[in-house]
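Structural overview for review
Letter by letter, the chains look like this.
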Amino acid sequence: MFDSYKHFLETPGYSKIIGDDYLIVEFKCPIKEELFAAWSECHSVVYVLNGQKKWITPQGDYLVKANESIFVRKGAFKNRQYFEESFCVLMFFMKDDFIRRCVEEDIKKETASANAIEHPDVVYRINISESLETLYHSFFSYLKNPDKTPQKIIELKFREMLLNICLNPSNANIKNILYNISHNIGGSIEQIMEEQFIYNLKIEEYARLCGKSVSTFKREFKKIYGTTPGKWLMAKRLNFAREILLDTDLTIQEVCYECGFESDSHFIRSFKSHFGVPPNQWREARINTAS
């Protein structure tokens, strides 16, 4: 799966500014796939300069066009690209600690109290005011000469951008999400795994999403679930696949993709091992029983 934050952080050739717990990058070259899955251990603000792209999540699809912006929570999602015109975007990646600092030092002082969101979405649309649009475009001067601008100035500009978003009443949900993140609401192993099990992430990638080393993640996971992450993921995905097989007419390949399995053959073998019959045969038996 495409690791967007790590890719932009480590790959040369992009206009970018790297901070201790944030990354700003101008992205012009599309990945040569129409539909692909991606993930990031960082939250991000995305501002589309040209073209369009669709973010596909369990909560819905979000088509983002030129001069539109979204906030994307850390984790995995699917993207659909459109090649009719070139795609260019500004991306502002931020780790939990950066958001926590912004909320405590800036947002909390300037905005009203926030509300907890029990079941947060992956993507939130950002209402862009004239001043926010100006702020977005102001980063280009820094991206042209990233080494000539002190990090402190860039961080202050980044924090000003987040505060501008939160001061807009139309962006109340984003303010609430930032407060949640700053208080580690929704950052538990349980919530992250329940949200992300449908994506084909590696164990070390789940650990990074939870902000833990692999050994700590496995140890805490075992205390919570009484089993290993690998066994839990397999059972969770297979039970989810069974629900999809029963409730939809998706093909086996589509079910495999929706449930986070590596391949059709891996899914079929795992399903047969767990339930005793291949998925197609299991579906047919249930349909015949129902009729």
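Above this note sits the structure.
Rules of the game
Residues numbered from 1 in each chain as written. Predicted model: local features only at pLDDT ≥ 70, side-chain atom pairs only at ≥ 80, totals over all residues. Heavy atoms only, no water. Helix = DSSP H or I, 4+ residues; strand = E, 2+ residues; numbered from the N terminus. Rg over C-alpha atoms; globule rule 2.2 N^0.38 Å. Buried < 20%, exposed > 50% of the residue type's maximum accessible area, 1.4 Å probe, protein only. Contact = heavy atoms within 4.5 Å. Areas by Shrake-Rupley, 256 points an atom, 1.4 Å probe, with all protein chains shown as cover. Lys, Arg positive; Asp, Glu negative; His and termini not counted. Charge placed at Lys NZ, Arg CZ, Asp CG, Glu CD. Core = buried A, V, L, I, M, F, W, Y, C linked by side-chain atoms within 4.5 Å. Salt bridge = Lys/Arg side-chain N within 4 Å of Asp/Glu carboxyl O. Pairing = 2+ DSSP bridges.

The subject of this paragraph is the overall build of the protein. If you tally the helices and strands in the protein, you get 12 helices and 11 strands. In terms of overall size, the protein behaves like a compact globule, its C-alpha atoms giving a radius of gyration of 21 Å where 291 residues would be expected to give roughly 19 Å. When the backbone C-alpha atoms are referred to their principal axes, the protein occupies close to 65 × 45 × 35 Å. Every one of the 291 residues in the protein was classed for burial, and the buried ones make up 47%. Sequence separation of 24 or more characterises 73% of the internal contacts of the protein that already satisfy a separation of 6 or more. For the protein, the accessible surface area stands at approximately 14400 Å², while carbon and sulfur atoms represent 49% of it. Across the protein, the 38 positively charged side chains and the 39 negatively charged ones have centroids separated by 4 Å.

Now for the environment of histidine 7. Relative to the helices and strands, histidine 7 resides in helix 1 (residues 4–10). As for histidine 7 and serine 40, which are separated by 33 residues in sequence, their C-alpha atoms are 9.6 Å apart. Among residues more than four places away in sequence, those in contact with histidine 7 are Phe2 and Tyr14.

Located in the positive-phi region is asparagine 67, a residue other than glycine, with phi close to 70°. Counting through the fold element by element, asparagine 67 comes out in the loop between strand 7 (60–65) and strand 8 (69–72).

All right, on to the nonpolar core then. Formed by 36 residues in total, the largest nonpolar core has its most connected members in Ile24, Val45, Phe71, Phe92, Tyr136, Phe158 and Met161. Mapped onto this core, the elements with two or more residues apiece are strand 3 (22–27), strand 5 (43–50), strand 10 (88–94), helix 2 (96–110), strand 11 (123–126), helix 3 (130–144), helix 4 (151–167) and helix 5 (172–182). In terms of residue count, the dominant contributor to this core is helix 4 (7 residues). In this structure phenylalanine 71 touches His43, Ser44, Val45, Met94, Val122, Val123, Tyr124, Ile126, Ile174, Ile177, Leu178 and Ile181, once residues within four positions along its chain are discounted. Formed by 22 residues, the second largest nonpolar core is a distinct cluster that contains Tyr5, Phe36, Ala38 and Trp55.

Now for the pattern of salt bridges. Within this structure, the stated rule accounts for 17 salt bridges. Where glutamate 41 meets arginine 208, a salt bridge forms, and the shortest distance between an N and an O atom there is 2.3 Å. Placement of the pair is glutamate 41 in the loop between strand 4 (35–40) and strand 5 and arginine 208 in helix 7 (residues 203–209), with a sequence separation of 167 residues. Residue classification places arginine 208 among the partly exposed positions, given a relative accessible area of 26%. For aspartate 96, the salt bridge identified is with lysine 74, shortest N-O distance 3.0 Å. Of this pair, aspartate 96 sits in helix 2 while lysine 74 sits in the loop between strand 8 and strand 9 (75–81), placing them 22 residues apart in sequence. You'll find aspartate 96 and lysine 74 in the same group, each marked buried. One connected set of salt bridges, linked through shared partners, spans Asp21, Arg101, Glu105, Asp106, Glu155 and Arg159.

Turning our attention to the pairing of strand 10. Counted residue by residue, strand 10 has 7 buried out of 7 residues, so it is predominantly covered. A two-sided burial pattern is seen for strand 10, the buried positions comprising Cys88, Leu90, Phe92 and Met94 on one face and Val89, Met91 and Phe93 on the other. Relative to strand 10, strand 3 is paired through 6 bridges, and the arrangement is antiparallel. In the sheet register, leucine 23 faces strand 10, and the bridge partner there is phenylalanine 93. Pairing between strand 5 and strand 10: 7 bridges, direction antiparallel. Across the sheet, residue valine 46 finds its bridge partner in strand 10, namely methionine 91.

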